[in-house]
Amino acid sequence: MADPVPAATHARTILAAHEHRRQIAPLSGWDAGLDLAAAYLVAAEVRRLRVARGERPVGRKIGFTNTTLWDAYNVHAPIWGPVYDTTLHDRAALTGPVPLAALVEPRIEPEIVFGLARAPEPGMDDAALLGCLAWVAQGFELVQSLFPGWRFAAPDTVAAFGLHGLLVLGERVPIAADSAQAWIDALAGFSVDLLRDGAVADRGSARNVLGGGPLAALRHLVDVLANDPLSPPLAAGEIVTTGTLTDALPVASGQVWSTRLSGLSLPGLDLALA
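Attention in this report is confined to the structure presented alongside it. (Residues numbered from 1 in each chain as written. Predicted model: local features only at pLDDT ≥ 70, side-chain atom pairs only at ≥ 80, totals over all residues. Heavy atoms only, no water.)

Counting its regular elements, the protein chain contains 7 helices and 13 strands. For the protein chain, the spread of C-alpha atoms along the three principal axes comes to 60 × 45 × 35 Å. Out of the 274 residues in the protein chain, the part that is buried amounts to 53%. Carbon together with sulfur atoms contributes 55% to the accessible area of the protein chain, which is approximately 11500 Å² in total. A gap of 5 Å separates the mean positions of the 20 positive and 28 negative side-chain charges of the protein chain. (Helix = DSSP H or I, 4+ residues; strand = E, 2+ residues; numbered from the N terminus. Buried < 20%, exposed > 50% of the residue type's maximum accessible area, 1.4 Å probe, protein only. Areas by Shrake-Rupley, 256 points an atom, 1.4 Å probe, with all protein chains shown as cover. Lys, Arg positive; Asp, Glu negative; His and termini not counted. Charge placed at Lys NZ, Arg CZ, Asp CG, Glu CD.)

In C-alpha cells:
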C-alpha cells in the first residue's frame, strides 16, 4: 500500500488549483487513504494557510444537508467548511453584479443563515438552539467544484473548502423572545421558489434540510464539532449557513437570481452575476 499523502501536500494542491482557477482530478482517485477523517485534516491545513495569508474565518457553511440530492452527488451525509471575511458579502453593500471569474463551475444555492448570539451546545432542542440566535437571514451561497463535472467523493468536498465559493447575505432579521415558537414552526415548514431571470428554476422546502429544517442542520453541526477535537466549536458572533433548500443550479454571467419565500418572515433575495 502506498504511503498516505501528507495533509499539507493536499492543501497546497487545493489552494493552487483555486488560485489558478484550474480543475484537478479528485484527490480520492489517487490517494486511497483520503477518508473523511483525513480530509478534515487537509481542510484544517487549508484553513491554517488561508489565515496565515490574512483571511479571517467568520463562520461555517454546512453542505449536503439537502437529503434529496444525496444520490445525485454520491454524498450521503452533511459536511462543513469555513466561511471567511473574504468570501462573505452583505447584499445591501453590493454596488453591482457579483463576478464569477474567480469561481470554478459555480452553482447557486438558496440557504437560511443564522447569526449566533451565544455558543450552542450539543443536545439542545429547537427552542434552546433558537435562543442562541441573534438573527436569521436568507442567503445565496455560490458553490464551486475544483473537480470536473461535479464528480467527487465526500472527502474531496471536505478538502476543497466544503465546495464554498462565496456567501451573499440578505437582510438580518432579529429574533424576538416573544416570537420564538413562531420562528421554530416557520423554520420547519416554509417553502421557497428559486427564480432565474424572473422564471421559476426550482422549488424547495424546509423539509429538504435533514428532514427538519435549518435548525436540524445547526444541531447536526454542533454535535459533529463536539466530537472533533481538532476543530473549534461554534462561538458567539459566528454565522452558520445551513445548506441548500433546492438543487444547486449552474450559473452564468448576466443572469439575475431571486427567491420568493412562503411561510417564513424573511424578505426574498436577488443577485445579479457578472
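After that view, the rundown keeps rolling.
With a phi angle near 50°, E105 is a residue other than glycine that sits in the positive phi range. Structurally, E105 is set in the loop between β3 (88-90) and β4 (107-116). Unusually for a residue other than glycine, W150 sits at a positive phi of about 55°. Mapped onto the elements, W150 comes out in the loop between β5 (133-143) and α5 (154-159). Given a relative accessible area of 5%, W150 falls into the buried group.

Relative to the helices and strands, T244 resides in the loop between β10 (239-241) and β11 (249-250). Owing to a relative accessible area of 6%, T244 belongs among the buried residues under this scheme. Residue contacts for T244: discarding those within four places in its chain leaves T65, N66, L69, E109, P110, E111 and V209. (Contact = heavy atoms within 4.5 Å.)

One can describe the packing of helix α1 (residues 7-19) onto helix α2 (residues 36-52) by two numbers: an axis separation of 8 Å at closest approach and a directional angle of 60°. In terms of their interaxial angle, α1 and α2 are classed as oblique. Crossing hand, α1 versus α2: right-handed. Side by side, α1 and α2 meet where A7, A8, H10, A11 and L15 of the first sit next to L41, V42, E45, V46, L49 and R50 of the second. (Axes fitted to C-alpha atoms, helices over the stretch in contact; angles between N-to-C directions. Parallel < 35°, antiparallel > 145°, perpendicular 65-115°, else oblique. Left-handed = near helix turned anticlockwise from the far one by under 90°.)

Taking 1.5 Å as the rise per residue, helix α7 (residues 214-226) with 13 residues should run 18 Å; its terminal C-alpha atoms sit 19 Å apart, in good agreement. Of the positions making up α7, those classed as buried are P214, L215, A216, A217, L218, L221, V222 and L225. (Expected span 1.5 Å × (residues − 1).)

What follows deals with the environment of G268. For G268, the location among the structural elements is in the loop between β12 (256-262) and β13 (270-272). Through-space distance from the C-alpha of G268 to that of V83 is 22 Å; in sequence the pair is 185 residues apart. Look past the residues within four positions of G268 in its chain and what remains in contact with it is Q138 and T259.

Under the criterion given, the structure shown has 11 salt bridges. For D126, the salt bridge identified is with R219, shortest N-O distance 2.4 Å. Here D126, found in helix α4 (residues 126-130), pairs with R219, found in helix α7; they are 93 residues apart in sequence, far enough to count as distant. Each of E19, R50, R53 and E55 takes part in a single network of salt bridges with overlapping partners. (Salt bridge = Lys/Arg side-chain N within 4 Å of Asp/Glu carboxyl O.)

It is worth spelling out helix α6 (residues 180-189) at this point. Considered for burial, the residues of α6 that qualify are W183, I184, A186 and L187. In this structure, the buried residues of α6 make contact with β4, α4, β5, β7 (173-174) and α7.

Take the sheet that holds β13 next. With antiparallel pairing, the 4 strands of this open sheet are ordered in space as β9-β8-β12-β13. In this open sheet, the two edge strands, each paired with only one partner strand, are β9 (199-205) and β13. Sheet twist, expressed as the average angle between the axes of neighbouring strands with direction ignored, equals 15°. One ladder, built from 6 bridges, connects strand β8 (residues 191-196) with β12; its direction is antiparallel. Bridge pairing links D193 to R260 in β12. (Pairing = 2+ DSSP bridges.)

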